[in-house]
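Coordinate inspection notes
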Amino acid sequence: MAKQGIFDDAIKRLDEAFEHANIDPEALEKLKHPKAIMQVSIPVRMDDGTLRVFDGYRVQHDDTRGPTKGGIRYHPQVDLDEVKALAFWMTCKCAVVGIPYGGAKGGISVNPKELSRMELERLSRGFVQRMADFIGPDTDIPAPDVYTNPMIMGWMMDEYSKIKRIHSPGVITGKPVEIGGSLGRGDATGRGAYYCIKELEKKRGWKPEEITVAVQGFGNAGQAVAKLLHDDGYKIVAISDSQGGIYSKDGFDVPSIIKTKNDSRQVKAVYCDGALCTAVPADTVTNAELLELDVDILIPAALENVITDENAKNIKAEIIVEVANGPLSSAGDRILRDKKHLILPDILANAGGVTVSYFEWTQNKAGFYWTEEEVHQRLQAIMTREFNNVYDIMERKKIDMRTAAYAHALSRIGTAISSLGTHAFFSNGTH
Ligand code: NAD
């Protein structure tokens, strides 16, 4: 699907969920329009002395349930339409897990792999200089996303604190632990997905060693879910990153692949020129082939729209866990739904990240920090509760899991919007 129209495609899902949510139509209308959009130009002095200007975006989608929250992405494909869609998903996600936030997202159209570390720092600080009046610990709180990491969050927090002349760790989450980050934030997105899969395991009664898994995208989220599943005995038979993928029918030793990937920065090193070349027997697969492998669980953990009406009919995995945001177009989703695949939707499956970001913000506000075990326990409690809430709605209403998750989110957002009054209230006229 052309990238144009991701936001329109994303909000189509609201209409489908509306009939199951029992909320006022005004709430639905409100959610179809982002609250505020900021577009900026960020001039950066490059190491060779030249000036480059980058486009940056921040979209605040809805703040009825609390300050807006959402990551910042550095990717050449970032544009306003994509950021709007990602902000919308954040509103829904925060409502699914019941944390007191609305949704936002930001991004810079850049290939960060082409920048030096100093250029990256200047770009990140430049983004905050432009956005400082738009974000804040009680208004809009960014976090990491694709190709942004704890150090970048640290630079952004530092820049914001300098501009405001007040130490403000709560302005951003996903920071290094030493400067106000939370223990357990690093693997929280993958861990949240893992807790969902464990709940499904209980319902289905399968044995982990019998289950094969393919993971597309081997960054923060993909690595964490692959490692936790591998530790439990699941067979991770395929892994990929932007350069391509590897396949082994007997499953990989995930920790050693994580090490090789992180030392070399490419999964490719595992099969082309890394030390594991001989230690890990592997065939190569393209990213497109990985999606169509005959596995039990497919985990897209890279970018959006990788499964569309063009390849959905070839997908064999019975269960798809959307760790990436929006990996299925709505047309692709419809095809898989008709084929009775079970899809754990992104707004539930990857909500572990924002949940622990919420814990980080809470700890920053309190100035009191939790143990990693405490973070894991609280995350597991929330993910387990909301997985089962969504699963119950799916079974009770005989709808797919995505529609159930949206209905669940809409109920929470819709009642929040109605609590401030709707047409039905104001037209009644009596107190
Ligand atoms: P990341 O930058 O850590 O990793 C991204 C990975 O995807 C890298 O391994 C990269 O090589 C790979 N990749 C990039 N383009 C690819 C392509 N065309 N095909 C296959 N692989 C490709 O990013 P991340 O934080 O792990 O985010 C991954 C996804 O998870 C995104 O959709 C993001 O929005 C979503 N997500 C992340 C978080 C979080 O806390 N980091 C939270 C919720 C959702």
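What you are looking at is a predicted structure, and each value in this text was computed from that prediction instead of being measured.

Observations concerning the pairing of strand β8 (residues 244-247)
Examined bridge by bridge, strand β7 (residues 235-241) and β8 share four bridges and lie antiparallel to one another. Looking at β8, one finds that D241 is bridged to G244. Between the end of β7 and the start of β8, which pair antiparallel, lie two residues.

Comments concerning the environment of R204
Its place among the elements puts R204 in helix α6 (residues 188-204). Sequence-distant contacts of R204, that is, excluding residues within four places in its chain, are made with E318, I319 and L342.

Looking at the layout of surface pockets
The calculated volume of the second largest pocket comes to roughly 220 Å³. Taken together, D333, R337, K340, H341, L342, I343, M394, I399, D400, M401 and R402 make up the lining of the second largest pocket. Elements with a minimum of two residues in the lining of the second largest pocket: α11 (330-338), β12 (342-344) and α15 (401-418). Classifying every residue of the lining of the second largest pocket gives five nonpolar, one polar and five charged.

Quick notes on the pairing of strand β3 (residues 68-75)
Consecutive side chains along a regular strand alternate between the two faces of the sheet. Summarising burial for β3: eight of the eight residues are buried, a large majority. Following the backbone out of β3, through helix α3 (residues 80-96) and into the adjacent parallel strand β4 (residues 102-109), one traces a crossover that is right-handed.

Remarks on the sheet that holds β12
Read across the open sheet, the seven strands follow the order β9-β8-β7-β6-β10-β11-β12; overall the sheet is mixed. Of all strands in the sheet, those bounded by a partner on one side alone are β9 (283-285) and β12. Going from strand to strand, the sheet's axes swing by 20° on average, the running direction of each strand aside. When strand β6 (residues 212-216) meets strand β10 (residues 297-300), the two strands line up parallel, connected through four bridges. The residue of β10 that forms the bridge with V213 is I297.

Structural notes on the sheet that holds β4
Taking strand neighbours across the sheet as the criterion, the five strands line up as β1-β2-β4-β3-β5 in an open arrangement whose pairing is mixed. What marks the edges here is a single partner per strand, and that holds for β1 (36-45) and β5 (140-144). Going across the sheet, the axis of each strand differs from the next one's by a mean of 25°, ignoring polarity. Bridge analysis of β1 against strand β2 (residues 51-62) gives 10 bridges, and the strand direction is antiparallel. Bridge pairing links P43 to V53 in β2. Its contacts with the sheet put helix α4 (residues 117-131) on β1, β2, β3 and β4, and the angle it makes with β1 is roughly 140°.

Structural notes on the side chain of T148
Tracing the backbone shows T148 in the loop between β5 and α5 (150-164). Given the relative accessible area of 9%, T148 is considered buried. Polar contacts involving the side chain of T148 include one to the main-chain amide nitrogen of D145, which spans 2.7 Å. Leaving out residues up to four positions away in the same chain, T148 has contacts with I72, Y74 and M153.

Things to note about empty space enclosed by the protein
Enumeration over the complete set of coordinates arrives at one cavity of 30 Å³ or more. Surrounding the largest cavity, 11 residues form its lining, I6, D9, W89, N305 and L328 being those nearest its centre. Looking at the lining of the largest cavity element by element, the count peaks at four residues for helix α1 (residues 6-18). Classifying every residue of the lining of the largest cavity by side-chain character gives five nonpolar, three polar and three charged.

A few points about the domain arrangement of the protein
Partitioning the protein into domains gives domain 1 (34-168) and domain 2 (189-349). Relative to domain 2, the C-alpha centre of domain 1 lies at a distance of 27 Å. Each partner contributes residues to the interface: domain 1 has 13 residues there, and domain 2 has 10 residues. If you sort the residues of domain 1 by the area they bury against domain 2, W89, K93 and V96 come out on top, with a joint share of 47%. At the boundary of domain 1 and domain 2, one finds three residue pairs in polar contact (both at pLDDT 80 or more). Only β3 and α3 provide two or more residues apiece to the side of domain 1 that touches domain 2. Element by element, the count of residues in the side of domain 1 that touches domain 2 is highest for α3, at six residues. Here the side of domain 1 that touches domain 2 is composed, by residue class, of six nonpolar, one polar and six charged.

Quick look at the site of the ligand
Surveying the vicinity of the ligand reveals 23 residues, the closest of which are D145, Y147, T189, A302 and N325. Contacts to the ligand include D145, whose side-chain N or O atom sits 2.7 Å from an oxygen atom. The separation between an oxygen atom of the ligand and a polar main-chain atom of A302 is 2.8 Å. When isolated, the ligand has an accessible area of 820 Å², and the protein chains bury 88% of it. Among the residues forming the shell around the ligand, the class breakdown is nine nonpolar, nine polar and five charged.

About the criteria used
Residues numbered from 1 in each chain as written. Predicted model: local features only at pLDDT ≥ 70, side-chain atom pairs only at ≥ 80, totals over all residues. Heavy atoms only, no water. Pairing = 2+ DSSP bridges. Helix = DSSP H or I, 4+ residues; strand = E, 2+ residues; numbered from the N terminus. Contact = heavy atoms within 4.5 Å. 1 Å grid on protein atoms, 1.4 Å probe; cavity = no way out; pocket = protein on both sides within 12 Å on 5 of 7 lines; lining within 4 Å. Points joined across faces, edges and corners; volume = space filled by probe spheres on them. Nonpolar A, V, L, I, M, F, W, Y, C, P; charged D, E, K, R; others polar. Buried < 20%, exposed > 50% of the residue type's maximum accessible area, 1.4 Å probe, protein only. Right-handed = clockwise from strand over helix to strand, strands pointing away. Axes fitted to C-alpha atoms, helices over the stretch in contact; angles between N-to-C directions. Polar contact = N/O pair within 3.5 Å; in protein donor to acceptor, adjacent residues only side chain to side chain. Domains from an automatic or database assignment. Buried area = accessible area lost by both parts, 1.4 Å probe. Near = heavy atom within 4 Å. Areas by Shrake-Rupley, 256 points an atom, 1.4 Å probe, with all protein chains shown as cover.

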